[in-house]
Amino acid sequence: MNNVVRHLITPLGRFQKSACRSVAGLALALLLVSSAVGDQPWESLHGEVRRGEVVPLETILDWLEAHYIGEVLEVEVERERGSVEYEIKLLGPQGQVVEFEFDGQSGELMSIEGVRINDMRR
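This one's a predicted model, so the numbers in the text were calculated from it and none came from an experiment.

With that settled, the discussion passes to helix α3 (residues 57-67). For α3, the set of buried residues is L57, I60, L61, L64 and E65. The arc that holds every buried residue of α3, seen down its axis, measures 135 degrees, which confines them to one face.

Spelled out as structure tokens, the structure:
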């Protein structure tokens, strides 16, 4: 079964460390609020992050900030067959939208989709 938690986050201006931390806090708050109904999948995810089994979103956002220029448009946490994946969309300086997919357990970048990706590299 594929459980998807999706959070739309308004553009934050320049993609900076303080913005990353704000996004991480906002994403967690949205996750908690949006999961108030149903089986509350956030509880399981929160426990996995606390135990070190899943990389915190803040760590992923810090890595993106260090390697790419852009504004966070969307953060999606997806659990498929027990694995956690982070999908993060950035708006690049030329208006391009690029999606980054990370393995939640290792924090490894698994894929990048979009156009003019090299123009976003730091």
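Let us keep going from here.
Turning to the pairing of strand β5 (residues 109-113), a few remarks are in order. As defined by bridge partners, strand β4 (residues 97-103) adjoins β5 across 4 bridges and the pair is classed as antiparallel. What sits directly across from E99, in β5, is E113.

All right, on to the side chain of D103 then. Relative to the helices and strands, D103 resides in strand β4. Setting aside residues no more than four positions away along its own chain, D103 makes contact with V84, E108 and M110.

Reading the values: rules and limits
Residues numbered from 1 in each chain as written. Predicted model: local features only at pLDDT ≥ 70, side-chain atom pairs only at ≥ 80, totals over all residues. Heavy atoms only, no water. Buried < 20%, exposed > 50% of the residue type's maximum accessible area, 1.4 Å probe, protein only. Helix = DSSP H or I, 4+ residues; strand = E, 2+ residues; numbered from the N terminus. Arc of directions from axis to C-beta. Pairing = 2+ DSSP bridges. Contact = heavy atoms within 4.5 Å.

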